[in-house]
Number of protein chains: 2
Amino acid sequence: MRKIIEKEFALNYLNKYGSQMTVGNGYLGVRGALEEEYPEQVRGMYVAGIYNRPSGSVSSELVNLPDVTRFQVTLDGEVFSMQAGKVHGYERFLDMNTGELVRKIIWENSAGDKYQLNFYRFASKVVKHVIAARVEITPLSGCAKVKIKTGIDAQQTNFGTQQLAESSLRIFDEELMVGEYETIESKQRITVATKVSQKGVFTAKNRQLMTEVEQGIAANQTFALEKISLVKTSLDEVDVEFPNATYAELKANSEKAWADFWEHAGVRVESTNDFDQFALDFACYHLEIMTPKDDFRCSVGAKGLTGEGYKGHVFWDTEIFIMPFFLYNKPEIAKQLLEYRYLHLKEAKGKALKNGYNGALYPWESAFSGEEETPEFAAINIRTGTRQKVASAISEHHLVADIAYAVCEYEAATGDAQFMSDCGAELLLETAEFWISRATNRNGRLEILDVIGPDEYTEHIDNNTYTNYMAHYNVKMALEWNRDNEAFQSRAKAFLKNLYLPVANEKGLIPQDDTFLQKDWINLDKYKAAQGTQGILLDYSRQEVNELQILKQADLVMLFYLFPQRFAPETVKKNLDYYEKRTIHDSSLSKAIHAIVENRTGNREQAYQFFQEACLIDLGDEPHSSDDGLHAASLGAIWLAVVFGFAGIDTSGELLEIAPDLPDAWRFVKFEFMWKGETILVEIAPNTLQLSKNTKSMLELVIYGEKQQLTDTLTIKMEQKDVSL
Amino acid sequence: MRKIIEKEFALNYLNKYGSQMTVGNGYLGVRGALEEEYPEQVRGMYVAGIYNRPSGSVSSELVNLPDVTRFQVTLDGEVFSMQAGKVHGYERFLDMNTGELVRKIIWENSAGDKYQLNFYRFASKVVKHVIAARVEITPLSGCAKVKIKTGIDAQQTNFGTQQLAESSLRIFDEELMVGEYETIESKQRITVATKVSQKGVFTAKNRQLMTEVEQGIAANQTFALEKISLVKTSLDEVDVEFPNATYAELKANSEKAWADFWEHAGVRVESTNDFDQFALDFACYHLEIMTPKDDFRCSVGAKGLTGEGYKGHVFWDTEIFIMPFFLYNKPEIAKQLLEYRYLHLKEAKGKALKNGYNGALYPWESAFSGEEETPEFAAINIRTGTRQKVASAISEHHLVADIAYAVCEYEAATGDAQFMSDCGAELLLETAEFWISRATNRNGRLEILDVIGPDEYTEHIDNNTYTNYMAHYNVKMALEWNRDNEAFQSRAKAFLKNLYLPVANEKGLIPQDDTFLQKDWINLDKYKAAQGTQGILLDYSRQEVNELQILKQADLVMLFYLFPQRFAPETVKKNLDYYEKRTIHDSSLSKAIHAIVENRTGNREQAYQFFQEACLIDLGDEPHSSDDGLHAASLGAIWLAVVFGFAGIDTSGELLEIAPDLPDAWRFVKFEFMWKGETILVEIAPNTLQLSKNTKSMLELVIYGEKQQLTDTLTIKMEQKDVSL
């Protein structure tokens, strides 16, 4: 049942469900806030690419747009609120099959009168500018008088920061409400228009353009009100007309597109734990609605379009954790995400130059302009009054190689020579030039000094293994795609020859960086038990954490994940054990990656446990886990864990490889996987692997280590269950 | 009983009581919002003089500062809200004797557990920067666990407009929370500091600096939490220390100051209608808390510090309706209000010059800078998309003469020659120069063309009688106070000689302006019944209203009020009748003035009825009458109606005159009245007038038309009740 279900109304969980029940379409996202007001409830509507830098701030923020979701319902003189009276038969769910958010309740007011109230909402998957809502009220205790007030509410802010100046409020033809706004600093123009299906009295005051509808309803008759809204911005390339359609008509069109999505991009998992399928559907639904479909000026922020965490900025999360879902389902979207990076090559080169490097140093946090969005200083420590410099913007450079890695993954999956010619080769070149200039001659070799790797609890270290290997790969691939560039050739070859790549020591341990293995170890059990809370920072200063063997997330293990064939299995196993003990997993990017590497190593139960824990980052019981929005990268990682972990897909070799190893709880997995223009249907049972495609052309691939040929169907039966490589 | 009482909790009335129950001290005002959140509830804290012009706006706005009033209380896991569970024994009142806002309730949560919750709040009348709050919780159904979250919330906006950038959030000594902000355009620095009496966990996020206190409470034990807050700004001339005192200590000091206020500035009215005394106390309380006491850079806005109506701008309301209360109770404050105008003489002269006039043309709406704050255009008509020019800023010039009138009233009441020498004479001179340049030679005389008088439903008229007479008085008094200025003398005399002053026609009617008497009359009963709603503008366009005999408020009648001895009683009576029929009283400035003139004319019942209706402007049953704040001028006018109406005081002659004529419902009135340095205690019964003062010096005055001499006490007994002049 592809539904996100809220079993009961609880004030404490308002914003968690608000994030989970976001409706959207990649162009915009609308948080699943309830129609009426509650204390602390955060409403949000965001359009990809619409950022603004508030006065006094150094960073752009994803703009929270004027709200259209709110309805003030008054029944027989009493304001409807689930905090008042009694609620009978509460039902609220987001049907991911259709993208529709539904709430049905029977409300009894303080006088004992009962009413059935149904609320519906969706964002069109076809007409990206459109949001539709419908309210149905049926009085159950005799006739009733209803008043509904709704409209466009530009009192909405980003937690008190107002990003929009109001340009005009208009009503056309006594029915269409139109608000026009402009972002104060970035000067983007926003239009929010809305039309309500019943006649009402219009008012415009205090940044609100509202209509108030009043109606008497006979007992047991249903009063229905539809509200169709349209959002457009100065980023739109084509002008949009206000739709002339009913809620049902818009929904029918949108549903078709959703059905198509699930048919091809959905993953079926038959598990003894129903939750696994649900978590996967949840991840796919949100990956789909967070990602822009047709505008390479926009990428995906760390919270998608579900909330304001990280101000909607774009991180390496996108290329490494989110892009793959699209690469193997709808590669043109993956291409678009890379075109975003290409678009901002200029700004990246500017950042490199400013820091004394060549090539392209991509900003740690990116928004619309492509400039570095990370503030130079973190928020003042409220106790000491001091500010820390934000280390990641200064030193977390692996992002550059992550982008290059993504370019190569894209090329390997699609064979898109045109893209490489237009963008890819140059991206690889400029990122490689950065690494070449970034390296320092020391100890008779090239070293990369003073970085932060994926593990942000370890700063200012030299020769972070992940970074060095990724840099090496970056330059190596740049070399392959820029053979004509002779000057570059020699520089690149020298870099590849001389770059220090840490290897396993006599104990078989690969150092995470130059000093990690020498640091002290402490018992992390209590922090691992409270992963995600960053509790370690309450007991130790940042400095102390840096000096101990404490990982926020997979670092070396990230490398094992990205380069599955690079390291010998025993090495992987040994280092996985060693480093996992020292990993708190406070980063939401960590557990699913560990699940993949554990599974490849044969630690199947541990892998499944990590997978289940990763699924609980946004779906667990912690009421405030997702107040700032969902963890977009962790949702991508859930999909990665299934496809690259349990389904055992490996794209790093010459040929596509697959070696499934399902958790004991799973009896079936099915998904489509696009590879070199072909769509392969993958069906996995504990002892059977079936691959099929619609074309008869021959595709060579490796299944459980053996070359196989797939024309239209290929079925492999396994005798033994234990098939770890 | 000097209490503003809210009998029961009703969502609909939230903001009305929020305005009514404002606590303040003239430096700051804090709306009487409830501690917990409710839909549509408007919180507000304003400091006099702190304005900011938002991006895209042409006008400064009184800034809504970071909130300190909110407390999120959770009892045994359930968020406290009066919308939930049951409320027993609801009690909420503002004790005007002490300035303390109190709420006491017994709340039963959804599980049936009961708790006594008491909330207290006041703004210190002694330490103007300080606000204090106290929360008491007593579990009645067994022990309980309480969580209270409170702090400094800069998510607060002016209805979605954010005026403040956050500069820093700090905690000192693990107890003092300090937020520093800066207004974005006007660059005023604001500090809000707060300390809570219980240890808690501090967080700073999303413009909120909060502490969360958790505690177990034994059954029937009272848990008390005090929150002391301090507000200071870059306007303060002396730095302020955070107070080291308890709620009780701060309150004891503040109470003393309130007791002193009521003893001297309060008016006692013994009436068969208790409401009359209450309305008067309400008026005096709010006049006191809306008015700055020691900063002539600040004046009083049209809503005081109770709300955001008119963006906190200063109108003629201040000089004509609000200043008198202070002039005759604490004249140094009246002087300060005039010094505000003197301070901005330069800007007024700038506006005059810009419009082709000499002298000083004071801005129709004034804020901190003294520049014209009225937008050039009103809000776009949402249906037509067209914008009207705001006529008042262009043409409502009587304000200039109103200021001059107030200067003369101040001088007459105090004999303050120093003030006249420092400021007053120059104010009179420059305002007079304006009128001299404003007049046009036409029809063989000087006319003042194209103005708006006090009646704003009549625009673009010539020779508004009120304006012409006031201008004449302005120039006449300027002449008296600038005898050395020869050049001015001749100009002024010519003006006085030639200015057209409309007089009664053959029917005994004085025209309101050149065309009023020729306009058509329509029956206004339905609009008069709905006074204050501006319903006329729903049925007629502005243009149409201009062309009909429709008054928004007293215009000519204003003149009768300000110059009681100027017109013959029969003339006053005739014109009062004529114009009152044509007055809708949509302006809150109107009814109390009519009460005064009706009473002087002998229409005692009509006078009392108008008085009672004036008292209902903010205190009536209409739930949204005062959402934007209280009507400051109408509160001043309530006091004027008692003192200048029913108590029959007249300051316009050579000597102070008094001729009381109480409503039948009143058996006693008592108040202090300062005149020429003396404080006169006035006590009025239907047949007795007693005046007393502490000094033995002789004060000559006129009582019921006869000269009398007051040394320390003077008692006049009246034989007849009918003593109208």
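Keep in mind the model is a prediction, meaning the values are calculated, not measured.

> Looking at this model, I keep getting lost on the side chain of Gln83 of chain B. Mind explaining?
The residue Gln83 of chain B is located in the loop between β8 (78-79) and β9 (86-95) in this model. What Gln83 of chain B contacts, discounting residues up to four positions off in sequence, is Ser81, Gln83, Ala84 and Gly85 of chain A together with Phe9, Leu11, Tyr38 and Pro39 of chain B.

> In this structure, what is going on with the interface of chain B and chain A? I would like to understand it.
Each partner contributes to the interface: chain B provides 39 residues, whereas chain A provides 39 residues. When chain B packs against chain A, close to 3,100 Å² is buried across both sides, 49% of that on carbon and sulfur atoms. Put simply, chain B and chain A have six salt bridges between them. The closest approach of N and O atoms between Arg70 of chain B and Glu40 of chain A, which form a salt bridge, is 2.9 Å. Here chain B and chain A share 17 residue pairs in polar contact (both at pLDDT 80 or more) between them. Counting residues per element, the ones that place at least two in the side of chain B that touches chain A are β14 (164-172) and β17 (201-205) of chain B. With five residues, β14 of chain B is the largest single contributor of residues to the side of chain B that touches chain A. Considering only residue class, the side of chain B that touches chain A consists of 15 nonpolar, 15 polar and nine charged.

> Explain the packing of aromatic side chains to me, please; I cannot follow it from the model alone.
How two aromatic rings sit relative to each other is set out by the distance from centre to centre and by the angle between their planes. All names here are of chain A. Scanning all chains against the criterion turns up 84 aromatic pairs over all chains. Look at Tyr527 and Tyr540: their rings are 6.5 Å apart centre to centre, the planes differ by 70°, and that puts the pair in the edge-to-face class. Here Tyr527, found in helix α12 (residues 525-529), pairs with Tyr540, found in the loop between α13 (536-539) and α14 (542-546); they are 13 residues apart in sequence, far enough to count as distant. With relative accessibility at 9%, the residue Tyr527 sits in the buried group. Positioned above the aromatic ring of Tyr578 is the side chain of Arg582, whose terminal nitrogen or guanidinium carbon lies 3.6 Å from the ring centre.

> What exactly am I supposed to notice about the pattern of salt bridges here?
It is possible for side chains of opposite charge to pair when their charged atoms get near one another. A full pass over the atoms with the stated rule returns 84 salt bridges over all chains. Salt-bridge contacts for Lys125 of chain A lead to Glu288 of chain A; the nearest nitrogen and oxygen are separated by 2.5 Å. Pair noted here: Lys125 of chain A is in the loop between β11 (114-123) and β12 (130-139) and Glu288 of chain A is in helix α3 (residues 274-290), with a separation of 163 residues, a long-range link. We classify Glu288 of chain A as buried; its relative accessible area is 7%. Its salt-bridge partner being Lys311 of chain B, residue Glu61 of chain B comes within 3.5 Å of it at the nearest N-O pair. Taken together, the positions of Glu61 of chain B in strand β6 (residues 61-62) and Lys311 of chain B in the loop between α3 (274-290) and α4 (316-327) put the pair 250 residues apart, joining distant regions of the chain. Given a relative accessible area of 12%, Glu61 of chain B falls into the buried group. Among the residues examined, Lys311 of chain B registers a relative accessible area of 29% and is labelled partly exposed.

> How should I be thinking about the pairing of strand β10 (residues 100-108) of chain A in this particular structure?
The side chains of a regular strand alternate between both faces of the sheet. Residue and element names in this part refer to chain A. Taking burial as the measure, the nine residues of β10 include seven buried ones, the bulk of the element. Summarising the sheet, strand β9 (residues 86-95) and β10 pair through eight bridges and their orientation is antiparallel. Within the sheet, the bridge partner assigned to Leu94 lies in β10 and is Leu101. Where β9 folds back on β10, the antiparallel hairpin that results is connected by four residues, among which Gly99 adopts a positive phi of roughly 75°. Taken together, β10 and the strand that follows it, β11, pair antiparallel across an intervening segment of five residues, in which Gly112 is found at a positive phi of about 90°.

> What should I look at first to understand the confidence of the model for chain A in this one?
Confidence along chain A averages 95 in pLDDT terms, with 99% of residues attaining 70 or more. Reported confidence for the predicted complex is 0.91 by ipTM and 0.94 by pTM.

> Mind showing me how you'd approach unusual backbone geometry here?
Trans is the prevailing form of peptide bonds, just as negative phi is the prevailing case for residues other than glycine. Notably, Tyr310 of chain A is not glycine yet its phi reads approximately 55°, a positive angle. Within the secondary structure layout, Tyr310 of chain A lies in the loop between α3 and α4 (316-327). Residues other than glycine seldom take positive phi values, yet Arg207 of chain B does so here, at roughly 65°. Relative to the elements of secondary structure, Arg207 of chain B occurs in the loop between β17 and β18 (208-217).

> Just checking my understanding: could you explain the sheet that holds β18 of chain B for this structure?
Through backbone hydrogen bonds, the strands of a sheet pair up, either in parallel or in antiparallel fashion. All names here are of chain B. Read across the sheet, five strands follow the order β8-β7-β13-β18-β17 without closing on themselves; strand pairing throughout is antiparallel. The outermost strands of the open sheet, each flanked by one partner alone, are β8 and β17. Where β17 lies against β18, five bridges are found, and the strand directions are antiparallel. Following the sheet pairing, Lys205 is matched in β18 by Gln208.

> Please clarify how the relation of the copies chain B and chain A should be interpreted in this entry.
Between the two copies of the chain lies a relationship made up of a rotation around an axis and a movement along it. Mapping chain B onto chain A calls for a screw motion: a turn of 180° about the axis and a shift of 0.1 Å along it, with 0.0 Å RMSD after fitting. Such values leave the two copies arranged in the relation of a two-fold axis. In this assembly the copies share their binding face: 100% of the residues contributing to the interface of chain B also contribute to that of chain A.

Analysis parameters
- Residues numbered from 1 in each chain as written.
- Chains lettered and ligands numbered in written order.
- Predicted model: local features only at pLDDT ≥ 70, side-chain atom pairs only at ≥ 80, totals over all residues.
- Heavy atoms only, no water.
- Helix = DSSP H or I, 4+ residues; strand = E, 2+ residues; numbered from the N terminus.
- Contact = heavy atoms within 4.5 Å.
- Buried area = accessible area lost by both parts, 1.4 Å probe.
- Salt bridge = Lys/Arg side-chain N within 4 Å of Asp/Glu carboxyl O.
- Polar contact = N/O pair within 3.5 Å; in protein donor to acceptor, adjacent residues only side chain to side chain.
- Nonpolar A, V, L, I, M, F, W, Y, C, P; charged D, E, K, R; others polar.
- Phe/Tyr/Trp six-rings, centres within 6.5 Å; stacked < 30°, edge-to-face > 60°.
- Buried < 20%, exposed > 50% of the residue type's maximum accessible area, 1.4 Å probe, protein only.
- Lys NZ or Arg CZ within 6 Å of the ring centre and 35° of its normal.
- Pairing = 2+ DSSP bridges.
- pLDDT = per-residue confidence, 0-100.
- Least-squares fit on C-alpha atoms with pLDDT ≥ 70 in both.

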